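# Fold and geometry: a report
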Amino acid sequence: MKAVIEFVGYFRTKTGMERFIYDFDDDSATVRDIIIEAEKALRDREFVILRDGGLIDGVLVFHRKANDGMERIFTPDTPLREIGNSIVLANLMGGG
Amino acid sequence: MAGSMYDRMIRINCTSGTSTIWNVPEDLKPWIGGMGYGTKILSDEINPAIDALSSDNKVVLTVGPLTGTTAPMHAQSCIVTKSPLTGTILNSYAGGFVGAEIKYCGIDGVILEGASEEWKILLIDDDKVTFMSADPVMGMGTEETETWIKENLGQDYKTMSIGRAGEKVVRMAALFSETRTFGRGGLGAVFGSKKIKAAAFRGTCGTDLADVEEFTRLTAENMKIVKDSCDQEYNLVGMFSRYGTGAGMGLIQSRGALATRNSQYGTFDKSNEISGQYYEENFYTRSISCHGCPVHCGRIHKFSTNDGGKTWARGPEYETMYSLGSQLMNGDPDVLAEANRLTEVYGIDSLTIGVTISFALECAEKGLIEEDGLKLEFGNPESILGLLKKIGEREGIGDILAEGPERAAEKIGGGSGDFAMQVKNSGFAAWMPRRMVGTGLAFATSNRGACHKRAPIGAEITGQVDMLSYEGKAVMVKKNQDVVNAIFTLISCRFHEFMTPHEMYPAFIKAATGIEISLDEFYTLGERIWNLEKLFNLKAGLGREHDILPARCYNEPVKGEGSESSVLDYDRWQEMLTEYYTLRGWDYNGIPAREKLVELGIEEYIYER
Amino acid sequence: MQFRVDPEKCTECGRCTMACSLAKTGRIQPQESRISIVRCWPEVPEIKVCRFEDCPEHPCIEACPFDAIIIVDGKVMISDELCRGCKLCVPACPYKAITMNNKKAVKCDLCGGKPACVAECVTSALTYSGVK
């Protein structure tokens, strides 16, 4: 199944791309799985967001809901098929 | 044993042109400093019902126990006064270097009283005050004024000034200090009403610390915490350090929460072009610190003006990327940089003026206003820069708009009040109440109007909590308000608290001053100050009916992709407001109950209708 | 070991100024500091501190009529005993690094080998390390 990471803000600049697409052989792939693939593919951009199996502090993963809002995903073990095979990757926002 | 507070302030009488030393009374010291001192003094010394532009108003400029010390991120000074924009009590802050200099004058602050007949520059050398004629600098922009003072009166002075907007008593005029800004609430207009064009401080007293060894140890520990945060690639403050405060446009845009086109939309298709990264990559950029700060979130940019000239400005900050960017459909980074520069020149709050301009542009679209010789269109640089100047000069339609968005809407009529995006006449900060319910509650209940500094922004925008839920938001808002009030006595930069364990605050206070205060007592101090402010506002004539958002928030769904057509449910919102009042120990009308005031030890300030 | 100053990296936080006066006097007081930062926006700041070997001509030594400015272990230093307070070295220094304090000329003395300012500088605008 095709799964997508949409990069936002800082991650768009860092990776140089708007989205990363990976085709998994089966549909049991999790959020962690697609991140691992992206880290492999983007090693030359020093794209690393996992540490000790979890997300590095400040890295935010969302999925787009049916009504076009976004919901935060806290566990990288979440199966992609449960969230429309697509995640949005952002960093902790600025402002103030 | 000498501590880091001097226990003395200077009362500067602008009417008589004299000054006296005021030894701080014992009952002020438990308020620690900064916002605590300012709120208590103003509550004791002025009638909340006065006209903020009259000579009865006072300006209480203070520093805190950590100002001017090696404790990182404590550069700010605080001004408390009555706001001519909102009619509330106002607390406003600026970073930069004037805070440390005030401390080094051997004082905890100054109190400006009365009003001068002639325009003056105040020179404060340690505890000696000189009133100088401001003739040479009248009409000058803030940077120009302050440069003149340094070149002609002394390079060592640290300065603050108003621009033409303050001179013309524009209600949203700000007070600048070496490009940092006491932005909110119209301080520039208060200085204008007192005919004080500028003030300059030069101190030779340095500062003491009650326990140098312990303070040094705490400082090293805090510096390590800050460094470790900044070293993490994705850490919020680390992002500020590397990219300035504009680092987060991407996330806000993707959450459909970037106020665009007078808050009609939640996304702006040109947000990338006006983001922090864009400026970093495309303009000559240097990082700048405030006093003692290792984060250096400030940025100097060199850029070109519309007429091909070369200039520079510090900023724009994130909030300005919204207020003079997305809110006006302005995706041109040069125009944004120029608009930001003009706010520095005129000395105007970029938030309220951005919202006032976007309000005016929508009025024009609806045929409610027009201006001879000036097109009024969203996204049109001529409209944006033209209106900015007219407001700064109080010219033409600018004279009405200079009163602030709410007052302007009252004059303009035609239902325009529905889309004046303000609370108590203070323009919205960069967040959308329809998209972030808790933040909207913070806007409405802020004692100074539409303030984001005490809003649960991080928790909502990161999805830690559901942005759109009403549950649990009242608790979050109250907690933020109390904590931030407490740290604004020290005076911590807002970003400091994002990284620092709260236990360090009482430890720092003790090492700096010898004062022992528990963490709970510190939080309670914040709550006490919040209540004192609320009592001031009630006595100034503001009630529950003023803790409200404009009708757009309750009636118009946010348009655009990712914004979920969010709108606030009025009844549910009012229930949340009541919940918030109850949590605070206030009645349905937001009046603090006697029991709450007794608990806080401020019963004598009670408001009874 | 060489003391190096790179104004390009300086964000003007002034922690160096505080650290110096704390080290020298136990109080935070800029007037006691041997390093100060002057804002020159939009250009890089002027950093008033001795450049040691990066100022090879040492015009201060030439300017002193009492031979109170000397080289100690390869580093130019002002001798407090020999200084008579004539102030002639002050304008001679191209970095404005010398000030008068209690009627004597003072400048950075590298804190005896562990410069306090370097320890505070988070951007490495100030460094003290082996020569490149």
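To keep things clear, this report deals only with the structure shown in the data block. What you see is a predicted model; the values in this text were computed from it and never measured. (Residues numbered from 1 in each chain as written. Chains lettered and ligands numbered in written order. Predicted model: local features only at pLDDT ≥ 70, side-chain atom pairs only at ≥ 80, totals over all residues.)

### Digging into the interface of chain C and chain B
Residue-level contacts link 16 residues of chain C with 21 residues of chain B. Considering only residue class, the side of chain C that touches chain B consists of 7 nonpolar, 6 polar and 3 charged. (Contact = placed C-beta atoms within 7 Å. Nonpolar A, V, L, I, M, F, W, Y, C, P; charged D, E, K, R; others polar.)

### Description of the sheet that holds strand S15 (residues 310-314) of chain B
Note on sheets: strands pair through backbone hydrogen bonds, and any given pair is parallel or antiparallel. All names here are of chain B. The antiparallel open sheet is built from 3 strands, whose spatial order is S13-S14-S15. Both outer strands of the open sheet, strand S13 (284-288) and S15, are each paired with one neighbouring strand and no more. Each strand axis lies, on average, 20 degrees off the axis of its neighbour in the sheet, ignoring direction. Running over the sheet, helix H11 (residues 333-346) touches strand S14 (298-304) and S15 and is turned about 70 degrees from S15. (Pairing = 2+ DSSP bridges. Helix = DSSP H or I, 4+ residues; strand = E, 2+ residues; numbered from the N terminus. Axes fitted to C-alpha atoms, helices over the stretch in contact; angles between N-to-C directions.)

### So, unusual backbone geometry
Excluding glycine, most residues fall at negative phi; most peptide bonds, likewise, are trans. Cis rather than trans, the peptide bond between Leu-490 of chain B and Ile-491 of chain B has omega equal to 10 degrees. In this fold, Ile-491 of chain B is placed in the loop between helix H18 (473-487) and helix H19 (504-513). Of the consecutive residues Trp-41 of chain C and Pro-42 of chain C, the connecting peptide bond is found in the cis state with omega at 0 degrees. Even without glycine at this site, Lys-424 of chain B takes up a positive phi of about 55 degrees. As for its placement among the helices and strands, Lys-424 of chain B is situated in the loop between strand S16 (422-423) and strand S17 (426-427). Backbone geometry places Asp-73 of chain C, a non-glycine residue, at a positive phi of 50 degrees. Residue position: Asp-73 of chain C is located in the loop between strand S4 (69-72) and strand S5 (75-78).

### Examining the interface of chain A and chain B
Contact residues are listed per partner, giving 25 residues for chain A and 30 residues for chain B. Secondary structure elements with two or more residues in the side of chain A that touches chain B: helix H1 (10-15), strand S5 (59-64), strand S6 (70-73) and strand S7 (86-91) of chain A. Class assignment of the residues belonging to the side of chain A that touches chain B gives a composition of 11 nonpolar, 9 polar and 5 charged.

### Side note on the environment of Cys-64 of chain C
All names here are of chain C. Position of Cys-64 among the secondary structure elements: in the loop between helix H2 (59-63) and S4. A residue is classified by how many C-beta atoms lie within 10 Å of it, and Cys-64, with 21 of them, is buried. On a C-alpha basis, the gap between Cys-64 and Cys-10 in space is 31 Å, while along the polypeptide they are 54 residues apart. Leave out the neighbours within four places in its chain, and Cys-64 touches Ile-69, Leu-88 and Cys-89. (Buried ≥ 20, exposed ≤ 12 C-beta atoms within 10 Å, placed from the backbone.)

### As for helix H6 (residues 212-231) of chain B
Residues and elements named next belong to chain B. The end-to-end C-alpha distance of H6, which contains 20 residues, comes to 28 Å, matching closely the 28 Å that a straight helix rising 1.5 Å per residue would cover. Buried residues of H6: Phe-215, Thr-219, Asn-222, Val-226, Ser-229 and Cys-230, and no others. Seen end-on, H6 carries its buried residues on one side only, within an arc spanning 95 degrees. For H6, the exposed residues set more than 90 degrees away from the buried face come down to Glu-213, Lys-224, Asp-228 and Asp-231. Buried residues belonging to H6 abut helix H7 (236-243) and H19. (Expected span 1.5 Å × (residues − 1). Arc of directions from axis to C-beta.)

### Overview of the packing of helix H12 (residues 350-365) of chain B against helix H15 (residues 405-412) of chain B
Residues and elements named next belong to chain B. It is at 10 Å that the axes of H12 and H15 come closest, and there the two elements cross at 20 degrees. For the element pair H12 / H15, the angle class is roughly parallel. For the crossing formed where H12 meets H15, the hand is right-handed. Each of Val-355, Thr-356, Phe-359 and Cys-363 in H12 lies in contact with H15, whose residues at this interface are Pro-405, Ala-408 and Ile-412. Broken down by class, the residue content of the contact of H12 with H15 amounts to 6 nonpolar, 1 polar and no charged. (Parallel < 35°, antiparallel > 145°, perpendicular 65-115°, else oblique. Left-handed = near helix turned anticlockwise from the far one by under 90°.)

### Remarks on the nonpolar core
Taken as a class, soluble globular proteins show a tendency for nonpolar side chains to be buried jointly. The biggest cluster of nonpolar side chains holds 210 residues, and the ones touching the most others in it are Leu-89 of chain A together with Val-110, Ile-124, Ala-200, Val-295, Ala-360 and Phe-443 of chain B. At 9 residues, H12 of chain B tops the list of elements feeding residues into this core. With residues up to four places along the chain from it excluded, the contact list for Phe-443 of chain B reads Val-423, Phe-428, Pro-433, Ala-450, Cys-451, Ala-455 and Leu-549 of chain B. Ala-19, Ile-37, Cys-60 and Cys-64 of chain C belong to the second largest nonpolar core, which has 33 residues in total. (Core = buried A, V, L, I, M, F, W, Y, C linked by C-beta atoms within 7 Å.)

### Section: the sheet that holds strand S5 (residues 89-94) of chain B
Residue and element names in this part refer to chain B. The sheet built from 6 strands is open, its strands ordered S2-S1-S6-S3-S4-S5 with mixed pairing. Only two strands of the sheet have a single neighbouring strand rather than two, namely strand S2 (18-23) and S5. Across the sheet, the mean angle separating the axes of adjacent strands is 20 degrees when strand polarity is ignored. In this structure, strand S1 (residues 8-13) lies alongside strand S6 (residues 109-113), joined through 4 bridges in parallel fashion. Bridging from a neighbouring strand, Arg-11 pairs with Ile-111 of S6. The strands touched by helix H1 (residues 34-45) within the sheet are strand S3 (59-62), strand S4 (77-82), S5 and S6, with S4 carrying the most contacts at an inclination of about 20 degrees.

### Remarks on the arrangement of the chains
Take the 2 pairs of chains in contact: the one carrying the most contacts is chains A and B. No part of chain A reaches chain C; the closest C-alpha pair between them is 20 Å apart.

Taken by themselves, the reported measurements are silent on function.
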